[in-house]
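# Structural characterization, general
Okay, here's what each chain looks like letter by letter:
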Amino acid sequence: MHRTPQGRPADDDGSSTTPPRITDVFRRVPVVPVALGACLVLALTACGGGVEGTPGGSGVRDPYFPKAGNGGYDVTHYALTLDYTPDSRRLTGRAVVTARATQPLSALNLDLDGMEVRSVTVDGTAARWNRTGQELTVRPADDLGEGTTFRVTVRYEGTPVTVTDPDGSEEGWLPTADGVLALGEPVGSMAWFPGNHHPSDKAAYDLAVTVPRGLAAVSNGEPAGERTEGGRTTYIWRTAEPVPSHAATLVIGRYEIRRGRTPDGLPVHSAVHPGQADASRAVLARLPEVMAWARDTFGPYPFSSTGAIVAPADAAEYALETQNRPVFPGAPDLPLLVHELAHQWYGNSVTPKSWRDMWLNEGFATYAEWLWEEEHGGDSAERTFDALYADEDVFAFPPAKPPTAADVSGRPVYDRGAMVLHRIRQTVGDAAFRRLLRGWAAEHRHGNAHTGEFTDYVERQAPEHDLSGVWEDWLYGDGRPDLP
C-alpha cells in the first residue's frame, strides 16, 4: 500500500465517519408475541434456563482498531450477491457468511458500518439482531456448539458509506464518475458487506455483482460467469485462496478488461479505466517480467491469477495491494507495481495477526523495491539505506511500535521497516538473506504471523549470528540507531 495522508480528523476509534445507529431491541422475522418480545429485550440472553453458550466478542482487541473483527468464530467463506446502480448510488446485498464456532455461542457479532439490515437468518432460521454503531449483533434461535459450522445470511440495502481513517485517508465505498471503487484497508470492507473484518480471519469468496449493462464489475480471484438480461449484467468472481477482508475489492465502471497469461501460464486479468489506458500500457506490459522476478526472489506465487486494476486518478489517494490484482488510482510507475505485487507474498499470503505488525507488510514490499532497483541498474540497497539513514523522519518511531492508529501507515513502517531487513541482510549475508525471504513466505503461506514469530524464525535460520541489536535498536528502539 502507498498512502497519501490528507490530515483530516477521524472518530476516536478511527473506524467511521457515520454516527451510531442504535436499535434497542433485537429484531426478528416473524414478529414475536409481546410477552416473549419483552423477554427478548434483554440483550444477549434468553428466557428461562438452558442457555449454554456465551456471546462472541465484539472486537478482537486489536491495539489500534479495537472494534475491528469479532470473537467466537472463524469465517471460512463469504458468498456476496450485490446489485448496484451508480446513478442512485444504491446497493442491495445478500451476504451468506459461513463460519465455524470456536466456542459455544449464544450470540455473535458482524462488522457492518452503515446500510439498512432487512433480515438475518442463521442456518435458514430467522434470528434476532440489533445494531450499535458498526456492530451487527446476531442471536440465533438456538445456541451454536463449539466446532459447529453455521451460515449467517444478512439481507441489506442502502447507500454505502465512505470511511475516514485516523491518518485522514478514505476507504470503504468510493463513488466514481461512472461507478465505484471499494477498498478495505484497514476496516473499509465493512462499508459494503457484513463480516469479521480483521486480518486475523481470512476466508474464500464468491461474488455475484449485478450492474447496468455496459458497465464492468471486477473483483478478486477468477471470473466464473457472466450473464445479461433486462438491461443489467451480472458478473461472478470466485476466490478459492483465503483473503483478508481488507484485501477484498470491487470496482464498477466502464473498464477495459484485459486477459492473458504469463510465459509460464499464470492467468492475467486486468481492468483499466479508458482514461488510463494509454498511460498504463507500457508499465502493465512489464507485469509478467515483474512476476517472474518476484517468484525467483520470494518463492512460488501463492495465488491462481495475477493482474491489476487501474482506476481513474481521482478514485482514491493511494494504491492498495488487493489480492490477485492490486488497485492503482491512475497509471502506476514501475517501482509501485513492484511494491504492490510483492504484497501478494507479504501481506496477502503472509498476513499480519494485528495491525501492529503492519511493517511485515510494508517493510517487505518497500525492500522489494530496493532489490528490484539493485538488480535492474538502479541504486544498490546499501546506497538506499545510507540515504535514508540521514532522514530524521524515518526514525520518528520504531516500525514495530507505531504510537497510534494514525501512524500504522507512517514512513517508519515502510522505510525503517525496510532498513530492518537490510540490517538482517548485512548480518547474515546475501545467500542466507535470500533463503530467509523465501522461507518466511513459505512457512506462513496463506496464514497469519506476528513480529515475534518473524524474529524467532530469523534466529532459528541463522543461529550463528547475534541479531539482538537489530531487534533492540532498529525494530523496537527509539531514535536513530548507531551504524555498526
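Rules of the game
- Residues numbered from 1 in each chain as written.
- Predicted model: local features only at pLDDT ≥ 70, side-chain atom pairs only at ≥ 80, totals over all residues.
- Heavy atoms only, no water.
- Phe/Tyr/Trp six-rings, centres within 6.5 Å; stacked < 30°, edge-to-face > 60°.
- Helix = DSSP H or I, 4+ residues; strand = E, 2+ residues; numbered from the N terminus.
- Buried < 20%, exposed > 50% of the residue type's maximum accessible area, 1.4 Å probe, protein only.
- Salt bridge = Lys/Arg side-chain N within 4 Å of Asp/Glu carboxyl O.
- Axes fitted to C-alpha atoms, helices over the stretch in contact; angles between N-to-C directions.
- Parallel < 35°, antiparallel > 145°, perpendicular 65-115°, else oblique.
- Left-handed = near helix turned anticlockwise from the far one by under 90°.
- Contact = heavy atoms within 4.5 Å.
- Pairing = 2+ DSSP bridges.
- Polar contact = N/O pair within 3.5 Å; in protein donor to acceptor, adjacent residues only side chain to side chain.
- Lys, Arg positive; Asp, Glu negative; His and termini not counted.
- Core = buried A, V, L, I, M, F, W, Y, C linked by side-chain atoms within 4.5 Å.

## As for the packing of aromatic side chains
Counted by the stated rule, this structure contains 26 aromatic pairs. With 5.1 Å between their ring centres and 80° between their planes, Tyr-84 and Trp-173 make a pair best called edge-to-face. With Tyr-84 in strand β2 (residues 73–85) and Trp-173 in strand β11 (residues 170–175), this pair connects stretches of sequence that are 89 residues apart. A single burial state applies to Tyr-84 and to Trp-173, both of which are buried. Taking 5.3 Å as the distance between ring centres and 90° as the angle between the ring planes, the aromatic pair formed by Trp-293 and Trp-372 counts as edge-to-face. Of this pair, Trp-293 sits in helix α3 (residues 287–298) while Trp-372 sits in helix α5 (residues 359–375); the two residues are 79 residues apart in sequence, bridging distant segments of the chain.

## Regarding the pattern of salt bridges
Under the definition given, this model contains 17 salt bridges. In this structure, the salt-bridge partner of Arg-295 is Asp-264, at a minimum N-O distance of 2.6 Å. Here Arg-295 is found in helix α3, whereas its partner Asp-264 is found in the loop between β18 (256–261) and β19 (267–272), with 31 residues between them in sequence. Its relative accessible area of 17% is what places Arg-295 among the buried residues. Relative accessible area serves as the criterion here: at 52%, Asp-264 is assigned to the exposed category. For Glu-453, the salt bridge goes to Lys-353, with nearest N and O atoms at 3.4 Å. Residue Glu-453 is found in helix α9 (residues 451–461), and its partner Lys-353 is found in the loop between β22 (350–352) and α5; the two are separated by 100 residues along the sequence. Each of the salt bridges in this network shares a partner with another, and the network as a whole consists of Arg-90, Arg-118 and Glu-157.

## Some thoughts on the packing of helix α6 (residues 381–389) against helix α7 (residues 411–428)
Two numbers describe how α6 lies on α7: the axes approach to 10 Å, and their chain directions differ by 130°. Classified by the interaxial angle, the pair formed by α6 and α7 is oblique. Along this stretch, α6 crosses α7, giving a crossing that reads as left-handed. Here α6 contributes Ala-381, Glu-382, Phe-385, Leu-388 and Tyr-389 to the contact with α7, which in turn contributes Arg-411, Asp-415, Met-419, His-422, Arg-423, Arg-425 and Gln-426.

## Some thoughts on the pairing of strand β8 (residues 135–139)
In terms of burial, β8 is a largely internal element, five of the five residues being buried. The alternating pattern of β8 places Glu-135, Thr-137 and Arg-139 on one face and Leu-136 and Val-138 on the opposite face, and all of these are buried. Across four bridges, strand β4 (residues 105–111) lies against β8 in antiparallel orientation. Looking at the pairing, Asp-111 lines up with Glu-135 of β8. In the sheet, strand β7 (residues 128–132) pairs with β8 via five bridges, with the strands oriented antiparallel. Bridge pairing links Arg-128 to Arg-139 in β8.

## So, the sheet that holds β11
If you trace the five strands from one edge of the open sheet to the other, you get β10-β11-β12-β17-β14, paired in antiparallel fashion. Each end of this open sheet is capped by a strand with a single partner; those strands are β10 (162–164) and β14 (216–219). Strand-to-strand twist of the sheet, defined as the mean angle between neighbouring strand axes without regard to direction, takes the value 15°. Note: β11 against strand β12 (residues 180–183), four bridges, orientation antiparallel. Of the residues in β12, the one forming a bridge with Gly-172 is Leu-183.

## Quick notes on the side chain of His-273
Tracing the chain through its elements places His-273 in the loop between β19 and α2 (277–285). There is a polar contact of 2.9 Å between the side chain of His-273 and the side chain of Asp-178. Not counting chain neighbours up to four residues away, the residues in contact with His-273 comprise Asp-178, Arg-254, Tyr-255, Val-310, Ala-311 and Pro-312.

## Regarding the sheet that holds β7
Taken in spatial order, the four strands make up an open sheet running β1-β4-β8-β7, and their pairing is mixed. Two strands in the sheet have a free side with no partner beyond their single neighbour: β1 (54–55) and β7.

## A few points about the side chain of Glu-241
For Glu-241, the position within the fold is in strand β16 (residues 232–244). Despite being buried, Glu-241 has no salt bridge partner; Arg-445 is the closest side chain of opposite charge, sitting 6.8 Å away. In terms of polar contacts, Glu-241 uses its side chain to reach the backbone amide nitrogen of Ser-304, at 3.2 Å. Not counting the four nearest positions on each side in its chain, Glu-241 is found in contact with Ala-203, Ala-204, Pro-302, Phe-303, Ser-304, Gln-323 and His-446.

## Remarks on the nonpolar core
Counting residues in each nonpolar core, the largest one holds 142 residues, and the members touching the most others are Phe-150, Trp-192, Ile-424 and Phe-454. When residues no more than four places from it in sequence are discounted, the contact partners of Phe-150 are Tyr-73, Val-97, Thr-98, Ala-99, Arg-100, Ala-101, Leu-105, Leu-108, Val-122, Asp-123 and Leu-144.

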